[in-house]
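Commentary on secondary and tertiary structure
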Amino acid sequence: MADVSAGSAPDRVRAREAALLRDTVREAGALALSLFRTELKNWTKGASSPVSEADIRVNDLLEKRLRAATPDYGWLSEESVDDEQRLGKRLVWIVDPIDGTRGYLAGREDWCVSVALVEDAAPVLAAVFAPASDEFLFAARGQGATHNHVPISATGGVDLDFSRIAGPKPLVERLSRSSDEVILHPRIGSLALRLCRVAHGSLDAAFAGGQSRDWDLAAANLIVQEANGSMTALSGDPILYNRREVTHGVLVAAGRDRHARIVEQFRHHPLP
């Protein structure tokens, strides 16, 4: 008789991937933390995006560990040259070795390692690790989300307390019907952490302005979703990953009811 307690082959594969992801992201976070607040070479990529030798070393560690264990999977990272072979892969690792590099270099603690496994354009595993504040968030599709191994859930309701909403102020102000000044939650340098704050209930909602990339979003997206939240474009359309174009427009994350209210409000008062 077959041993059904062992689970199906796909379940065992996903369990191995989950263990691989947890262990690798923890190791990457430990490396990033060991280099934190030390003298690091750094430079500017593109118009204004900072990069440091820590970003590269963490990226190299993640790529070595994950690709060695899953050589047939695609790879998309902020700090790797884009290999378009990923577009033909059903499973792709999407990686931000240090999300919040500017804060990392300034000695602030609001940065993280963010990694997701995407299957057919949607994340199925996600880990976000902020080692400076010892926060490890994890999610597997259909299995909920945790913060330091404790199950988490986005806040319920539809009210808008602007001190519990994070994102670009001109965008958030469009939700206010009052002429009073909107006082927002203090800025969080890492976009992935900003979105994950919704998942564990320390924020009610968070926005991402335009120009966020797959690697900023994919892991946080699944963590929010598995914490009874929603994260979409302002139109309510889902976010698709591992496309040729990896840049996204304005996005919002919130508990499901509050998210629906925000999307409806922007539907009646769209951005110019």
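The structure this text deals with has already been given above.
What counts, and where the lines are drawn
- Residues numbered from 1 in each chain as written.
- Predicted model: local features only at pLDDT ≥ 70, side-chain atom pairs only at ≥ 80, totals over all residues.
- Heavy atoms only, no water.
- Pairing = 2+ DSSP bridges.
- Helix = DSSP H or I, 4+ residues; strand = E, 2+ residues; numbered from the N terminus.
- Contact = heavy atoms within 4.5 Å.
- Axes fitted to C-alpha atoms, helices over the stretch in contact; angles between N-to-C directions.
- Buried < 20%, exposed > 50% of the residue type's maximum accessible area, 1.4 Å probe, protein only.
- 1 Å grid on protein atoms, 1.4 Å probe; cavity = no way out; pocket = protein on both sides within 12 Å on 5 of 7 lines; lining within 4 Å.
- Points joined across faces, edges and corners; volume = space filled by probe spheres on them.
- Nonpolar A, V, L, I, M, F, W, Y, C, P; charged D, E, K, R; others polar.
- Disulfide = S-S within 2.5 Å.

1. Digging into the sheet that holds strand β10 (residues 165-166)
Judged by pairing direction, the sheet is mixed, and its 4 strands sit side by side in the order β10-β11-β15-β13 without closing on themselves. Edge positions in the sheet fall to β10 and β13 (229-233), since each of these pairs with one other strand and no more. Bridging between β13 and strand β15 (residues 251-255) involves 5 bridges; their strand directions are antiparallel. By the bridge assignment, M231 is partnered in β15 with A253. Contacts from helix α5 (residues 191-199) reach β10, β11 (205-208), β13 and β15, with the element oriented near 155° to β11. Against the sheet, helix α6 (residues 214-226) makes contact with β13 and β15, and its axis sits at roughly 140° relative to β13, the strand it touches most.

2. So, unusual backbone geometry
Of note in the backbone geometry, D134 takes a positive phi value of approximately 55° without being a glycine. By secondary structure assignment, the location of D134 is in the loop between β6 (122-130) and β7 (135-140). Positive phi, close to 50°, is recorded for N148, a residue that is not glycine. Secondary-structure assignment places N148 in the loop between β8 (145-147) and β9 (150-151). With relative accessibility at 30%, the residue N148 sits in the partly exposed group.

3. Let's talk about the layout of surface pockets
Within this model, the largest pocket holds a volume of roughly 790 Å³. If you go around the largest pocket, you meet 27 residues; those closest to its centre are S49, E78, R102, Q211 and D216. Going through the elements one at a time, β2 (49-52), β4 (91-99), α3 (101-105), α5, β12 (212-213) and α6 are the ones with two or more residues in the lining of the largest pocket. Size it by volume and the second largest pocket reaches roughly 360 Å³. Along the walls of the second largest pocket sit 20 residues, with R14, A18, L125, A140 and Q143 positioned nearest its centre. Tallying contributions element by element places helix α1 (residues 9-35) first for the lining of the second largest pocket, with 7 residues. Its residues assigned to classes, the lining of the second largest pocket comprises 12 nonpolar, 4 polar and 4 charged.

4. Some words on the state of the cysteines
Evaluated as defined, the whole model comprises 0 disulfides. Between C112, a cysteine without a disulfide, and C196, which holds the nearest cysteine sulfur, the sulfur-to-sulfur distance is 7.0 Å. A relative accessible area of 0% means that C112 is categorised as buried.

5. Comments concerning the sheet that holds β4
A sheet is described by the order of its strands in space; here 7 strands give the open sequence β3-β4-β5-β6-β7-β8-β9, paired in mixed fashion. Only two strands of the sheet have a single neighbouring strand rather than two, namely β3 (74-77) and β9. In this structure, β8 lies alongside β9, joined through 2 bridges in antiparallel fashion. Along β9, the bridge assignment pairs T146 with P151.

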